[in-house]
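Listed below are the residues making up each chain.
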Amino acid sequence: GAGILTQIPHALFARELEQRGFISPDPGDLAVGVFFLPRENIFANVQAKQIIETVLAEHQFPLLTWRTVPIDQDELGDHARGICPQIEHALIARLPHVAAGDAFERALLLARKEIERRARVAEIEPLYVPSLSARTILYKGLLISLQLTNFYADLRDSRYESALALFHQRYSTNTFPNWERAQPFRFLCHNGEIN
């Protein structure tokens, strides 16, 4: 798989929120969760979103809105298209009770871990969280590097700005590829080998 980790493109999400009638939080006060959700099983999809929304509420994170990520499945091969999850963004605000910066990131990490734990207990697959952060966002998939910008329309948007971009692609040699194992991972990339 292949993917890219960047800073959150605040202008892109601010416009999305404004179109939906929200005032966008300042950069650093808006977190974006990237979620791979069940696509075929509507009941599992609803259950997955309920888990996410419940955990966010328990952590006192206002979920402003869900955003279906604009993708082009025609870019995928047959296998990747057949197992492609529903890809959604959760746009989340920081409230004053959580300090900005590292404290916000730690609180988001705890929320992500709790979402993943509850998904395992409920046996919901896929419910995978590529990223949940107020700093970075991850776009990845079971595809090759040349397909990435054609698959994700956001990456072609003129409002998508970032001071950093960490790109990685890797082809699985010892495991059967899937969307969750696609590179990059949440914080770093690696080639799986000892060099």
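Residues numbered from 1 in each chain as written. Predicted model: local features only at pLDDT ≥ 70, side-chain atom pairs only at ≥ 80, totals over all residues. Heavy atoms only, no water.

**Q** Honestly, helix H2 (residues 42–58) in this entry has me stumped. Any pointers?
**A** Every α-helix carries 3.6 residues per turn, so stepping three or four residues along brings you back to the same face. Between its terminal C-alpha atoms H2 stretches 24 Å, which fits the 24 Å expected from 17 residues at 1.5 Å a residue. Those residues of H2 that are buried lie in contact with strand E2 (30–37), strand E3 (63–68), strand E4 (86–93) and helix H4 (102–122). Residue Asn41 occupies the N-cap position of H2, its side-chain oxygen lying 3.0 Å from the main-chain nitrogen of Phe43. Downstream of H2 by a residue or two, Gln60 has a phi angle that is positive, lying close to 60°. (Helix = DSSP H or I, 4+ residues; strand = E, 2+ residues; numbered from the N terminus. Expected span 1.5 Å × (residues − 1). Contact = heavy atoms within 4.5 Å. Polar contact = N/O pair within 3.5 Å; in protein donor to acceptor, adjacent residues only side chain to side chain.)

**Q** Looking at this structure, how should I read the pairing of E4?
**A** Along a regular strand, successive side chains alternate from one face of the sheet to the other. Counting buried residues in E4 gives 7 out of 8 residues, a clear majority hidden from the surface. Direction of pairing for E2 relative to E4: antiparallel, over a ladder of 8 bridges. Residue Phe35 lies in a different strand from E4, and its bridge partner there is Glu88. With 5 bridges joining them, E3 and E4 adopt antiparallel strand pairing. (Buried < 20%, exposed > 50% of the residue type's maximum accessible area, 1.4 Å probe, protein only. Pairing = 2+ DSSP bridges.)

**Q** For this particular structure, what's the right way to read the sheet that holds E4?
**A** Where strands meet in a sheet, backbone hydrogen bonds hold them as pairs that are either parallel or antiparallel. What the 4 strands build is an open sheet, ordered E3-E4-E2-E5; its pairing is antiparallel. Of all the strands in the sheet, the pair left with one neighbour each is E3 and strand E5 (128–133). The average undirected angle you get between the axes of adjacent strands in this sheet is 15°. Contacts from helix H1 (residues 10–19) reach E2, E3 and E4, with the element oriented near 105° to E3. Packed onto the sheet, H4 meets E2, E4 and E5 and runs at close to 165° relative to E5. (Axes fitted to C-alpha atoms, helices over the stretch in contact; angles between N-to-C directions.)

**Q** Is there a simple way to explain the sheet that holds strand E7 (residues 165–169) in this structure?
**A** Ordered by their spatial adjacency, 3 strands build an open sheet running E6-E1-E7, and the pairing between neighbours is antiparallel. Here the strands that pair on one side only, and so sit at the sheet edges, are strand E6 (136–141) and E7. If you compare each strand with its neighbour and ignore which way they point, the axes differ by 10° on average. Note: strand E1 (residues 2–7) against E6, 6 bridges, orientation antiparallel. Pairing of Leu5 across the sheet is with Leu138, part of E6.

So, to be careful, I would describe these as geometric facts and stop short of saying anything about function.
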